[in-house]
Structures are given as C-alpha cells and as structure tokens.
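# A closer look at the structure
Each chain, written out:
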Amino acid sequence: MTYAITQTCCSDATCVAVCPVNCIHPTPEEPDFGTTEMLYIDPKSCIDCGACADACPVDAIFPADRLTGPLKRYEAVNAAHYEGRDPAPVLASPTFHPWGEPSFTRSLPSDFAPIRVAVVGTGPAGMYAAEDLLLHTNAEVTLIDRLPVAGGLVRYGVAPDHPGTKGAGDSLARFHSHPRATVRLGVEIGRDVTPEELAAHHDAVVYAVGAPSDRRLGIPGEDLPGSLSATSLVSWYNAHPETAPDTVALDTEALRSAGRAVIVGNGNVALDVARILVSDPAALAGTDIADHALTALRDSRIREVVLLGRRGPEDAAYTASELLALGHLPGVDLVVDTHDPRTAQAVDAAAPGDKAALLKDTAREAVDWAGAPGTGRRRIVLRFHSAPEEALGEGAVRAVRAGGPGGSVDIPAGLLVRAIGYRGVPLAGLPFDETTGTVPHTAGRVDGMTGTYVVGWIKRGPSGGIGANRACAAETVGSLLADAVDGRLPTPTGTAKAFGRLARARSGRLVDARGLAAIDRAERARGAAAGRPRVKLATVPDLVAAARRRRLRGPGA
C-alpha cells in the first residue's frame, strides 16, 4: 500500500520535510517547486510509513487503497506525475541512509539579543513569517490585523465546502498563543497607528496584507446592479464583517427570469464561486458558510452558471484538482460549450497529463442561449474562446454579450461575476507599483525603507496558493535576519508595552489573544448548536463583543 496526495494539497512542503525516503516531489530544492499544481507521492518509492499524512496541515494525504468516490482517481494522478521520469533513488533504509551537506539557514550568533518584529496581517503569509521567526529565532513577534479576528484569506477566502484547506489556518493558529507572540487585532496601520509609530516600537516590520482588491473588466454596463466582483461574493458567503449581507441578491426578478449567472474567468476562484452557486444548500448547511448566504442560496433561482474563458481549455487557469472536484458535484452537470470548434479539437488532441485532457469525458453541447435553463438538474457550462463585451440591461444586468472568433452572442443572465484576479492596494507610508499592484522590494526588503519588509501577495502579486507563502516567507525572514546580524536594523525608541498602550488608546475594537480565543469558542458553540463546525460572527461589533465577554466575566467564567 502507498499513500497519495489529494485535492486539498496546499504545497507548503511540510510533508516533504518528514518523508524518510524522499518520495514526495517536487521538493523546495527542485526547479519545478511552486509551479506544479500540487505535490505528488511516487508510488514506487513510498514505504507506507504515514509520516506525511501525520504532518499534512490540510488532511490531503491518505492511503491509496482507502480512497473512494472522487478522491479515488488521485492514486492515478500521483502515479502519472512520475511516468517517464527518472525515479528518485530508493534508500536502503529510512533510518540509515546517506545525508547531504548540512544547511543552517537560520544560523544566528548565540548571544544575539532578541529582536521585536511586527507582522501586519494574520493570513497565511504573515503567519508563515511569524512561524519562521518564533520557531527558529528568539524574536518577539507582534501580530497585527485591521480586523478584530485573525485568519485573513484562510478565514475569508477559502470556500466553505473546503474544510480540509481551512486546516492550514488551524495549524498556524497555534502561534497566536506562543509565549513570544503578542496579538493586537482590530488595529489598522495608517488609521489607528501610523507606519512611523509602528516602526518606532519594533526593530522590523513585515507587511503581509495580501491583495484585497479586484481587477475590472472595463466593459459597458459593468457597474449595473447584478454585476459584482468575485472578491465581494467570496467575502459575502464567508461572513466577512466588511461585506454586508445584502451585497449579493439571488432572488431578483432578473435572476428569476434568466435562471443563469455568468462568471468571467476560469481560475480556481471562478470555480469556487460557480460551485457554491449551484451546490445543494443542504450540503452547504454542514459548513461554516455565512448564515445570510445559506438563506439566500436556499431561495436562489440560479439553475445554470456559465464560465467564460478567453483562451482554450489547454490554457485554462484552474488547477486539475479543482476541475475534478467540479465534475463530481452531486446533482450538478458539467458541460463544455462547443460553439468554437477549437475547443473540441484541443480536448480530443490532448495528451494524458495535459490540461485539456481533463475534459475528455465531460459532456459537450452546442448550447442554445435562446431560453432559460431547464428545471431539472443544475449545471455548470464551460465556454472557452469567449470574452465579455458588454453587460446588458436597464437598471440591472439582464444579459451578457460574449464575443469570440465566430461573432457575439447575448447570454441571458441576472448575475455577472468578474473573477479575473486580485490586486494589491497602496499602503500608507510604503512605495507602490501601480502596474503590478505590489510593493517594490528586493528579496522582501522594501525599497528605500530600512527595517521594512513584505511577504505574500503584496510582495509577489496574487499568485500561488496557501503553501507558496512558506517559501516566500522564508526568503523575507532570511533577509530580515541577515540585516539584523549585520546591524542594519534601526533601533526602536518605544517598548512593546508602550505600543500596546498606544494601540489600545487608538483603537476601540482591540482584541488580544484571549479575546481571539473567546471568539473561536463562541463561534464553535454557535456551530455546535446548529450541527455545524462553526457559525461565524459576521459583524465587527459582534466579534468585539464576543472577545470582550470572556474578559469581563473574569478568569473563572
């Protein structure tokens, strides 16, 4: 029996580090690490020790003979990665085997005084940086977030029907209570505290604020009611406290008439949105989806979701694992629109392992857009070689004009969602590149600002999943520590306690580690009462109230 990595792989390489026989690839030292969609276990080298499964933060690794349903095909997916490749050398023993040259990437002088580092942003990028500092140095870390709850993109970006992926957040959350970590949530840099004040109380500052904005289509009618960004829709169904419950309406007259939504883009976020819009609400009721979103989906009139992709299936942006999951959605059909002959040609000619080959067994249809979808099973339509030209309607979206080499067609729809990428926004006091939507830097060092660093999407742009942030954080932390050893960090003029007093005085919604734990308990208790993993508190006042309730009731409460 061997093990296999499945759909929820986060690619952070925790499994690679514990494998005794080097059977998981690509490793961080290999050139294709970070470019493959996931990691893969070589079935010929695996010795069935299970160390990788124990270490996996997102529960993505299972014995191959125990895979069932949609996950069963991942045994073949893992094996296919090694077809035609030279296998890694099989070691004679997991205990007695040759070792490489030792590498001490976090080697600091033994008498090196602790440094104080502020990490702004508590999503995966920020927490991987904090983990690196707390595990490998004696640094003291201040965790800061403008929201009164931690988690970032894991909490508010991962789809609610992907609980395994959310497990990465649980793994990183253990550092919230680390003895050398201080939690200061509900503090916005640039509003409550200036960047200069933050820097004055710390030896270094690491910004991990992500890419919270979205890219626009630039077409007529884009601002009509019923047209919105995937960023807004994802925040809405994940109970983001800055996204109102009425941000998304699924029972409008336009949707009742059309029964259809159009999503522009075919990356993983687009697939997430499509899947949530057509999933059985009864299945979503067992997740941590926002209450208001669950209610809206129960009353939704959407029967069909169309995904528009500018290019062909061979160049689709989604990962294989997310598409495979889409094809096994209960009660939902997946269809490829054959309006352009190049689509079928690409699928039929695709070699095993090619992106287009994933659609060989998918139903094909020359879709007739004249009428509304039928009342039977819901479905998702993949329409390649097609781009939006205009959102049509008086007072609300009624149709989307999609163009391609064969001309244009009007697709009746009551909802238009743009899912064409995230974008960073300027940060107070930091340089910003408007073209890339990132902060200019060199190996994580912010250009022209000694002691200031970036990590994650604000550093490299909105690319790579959760696990990609581990290597990104390692580079940034490496630069920070090198600067510390070389004496290049500025000396702070304020103390950690002084910063705590400043943050509390400036922010009326400050939440510390105990408050964060109280929020977690409150949400889990609400979930237990409803038969769900948790029911999120969906407003800033509710989050702050839950955090303070524990403090006001005293230690014995």
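Thresholds, definitions, all that
Residues numbered from 1 in each chain as written. Predicted model: local features only at pLDDT ≥ 70, side-chain atom pairs only at ≥ 80, totals over all residues. Heavy atoms only, no water. Salt bridge = Lys/Arg side-chain N within 4 Å of Asp/Glu carboxyl O. Helix = DSSP H or I, 4+ residues; strand = E, 2+ residues; numbered from the N terminus. Buried < 20%, exposed > 50% of the residue type's maximum accessible area, 1.4 Å probe, protein only. Pairing = 2+ DSSP bridges. Contact = heavy atoms within 4.5 Å. Axes fitted to C-alpha atoms, helices over the stretch in contact; angles between N-to-C directions. Parallel < 35°, antiparallel > 145°, perpendicular 65-115°, else oblique. Left-handed = near helix turned anticlockwise from the far one by under 90°. Nonpolar A, V, L, I, M, F, W, Y, C, P; charged D, E, K, R; others polar.

So, about the pattern of salt bridges. The full count for this structure, using the stated rule, is 39 salt bridges. Between Arg275 and Asp272 there is a salt bridge whose closest N-O contact spans 2.9 Å. You can see Arg275 and its partner Asp272 sitting in helix H10 (residues 268-278), three residues apart, about one turn around the helix. Summarising the burial analysis for this pair, Arg275 and Asp272 share the class buried. One salt bridge in this structure joins Arg534 and Glu523, with 2.7 Å as the shortest N-O distance. On the criterion of sequence distance, the pair formed by Arg534 in the loop between helix H18 (513-530) and helix H19 (540-553) and Glu523 in helix H18 is long-range, its members being eleven residues apart. Overlapping salt bridges, with partners in common, bring together Arg155, Asp520, Glu523, Arg524 and Arg534 in one network.

Side-chain alternation along strand S8 (residues 204-207) places Ala204 and Val206 on one buried face and Val205 and Tyr207 on a second face that is also buried. With four bridges joining them, strand S5 (residues 116-120) and S8 adopt parallel strand pairing. Its bridge partner being in S8, Val120 is matched across the sheet by Tyr207. Summarising the sheet, S8 and strand S23 (residues 452-454) pair through three bridges and their orientation is parallel. Each residue of the ladder has a partner; that of Tyr207, found in S23, is Val454.

Moving on, we get to the environment of Val485. Following the sequence through the fold, Val485 ends up in helix H16 (residues 468-485). Here Val485 falls in the partly exposed class, since its relative accessible area comes to 39%. Once the C-alpha coordinates of Val485 and Arg377 are considered, the two residues, 108 residues apart in sequence, prove to be 63 Å apart. With sequence-adjacent residues up to four places away left out, Val485 is seen in contact with Leu108, Pro109 and Phe112.

Right, let's get into the packing of helix H4 (residues 124-136) against H16. The contact between H4 and H16 brings their axes to 8 Å, and the two run at 50 degrees. The angle between the axes of H4 and H16 places the two elements in the oblique class. Crossing angle aside, the handedness with which H4 passes H16 is right-handed. The residues of H16 that touch H4, namely those facing Pro124, Ala125, Tyr128, Ala129, Glu131, Asp132 and Leu133, are Asn469, Arg470, Ala473, Ala474, Val477 and Leu481. Here the residues of the contact of H4 with H16 are counted per class, giving nine nonpolar, one polar and three charged.

Our next topic: the sheet that holds strand S15 (residues 378-383). Hydrogen bonds between backbone groups are what pair the strands of a sheet, and the pairing can be parallel or antiparallel. Judged by pairing direction, the sheet is parallel, and its seven strands sit side by side in the order S10-S19-S11-S12-S15-S13-S14 without closing on themselves. Both outer strands of the open sheet, strand S10 (227-229) and strand S14 (363-365), are each paired with one neighbouring strand and no more. For this sheet, the mean inter-axis angle between neighbouring strands, taken without regard to orientation, is 25 degrees. Where S10 lies against strand S19 (residues 415-418), three bridges are found, and the strand directions are parallel. Among the inter-strand pairings, Ser227 is bridged to a residue of S19, identified as Leu416. Strand contacts of helix H8 (residues 230-237): S10 and S19, with the helix running at about 75 degrees to S10, the strand carrying the most contacts.

Read these as layout, nothing more, since geometry by itself doesn't imply function.
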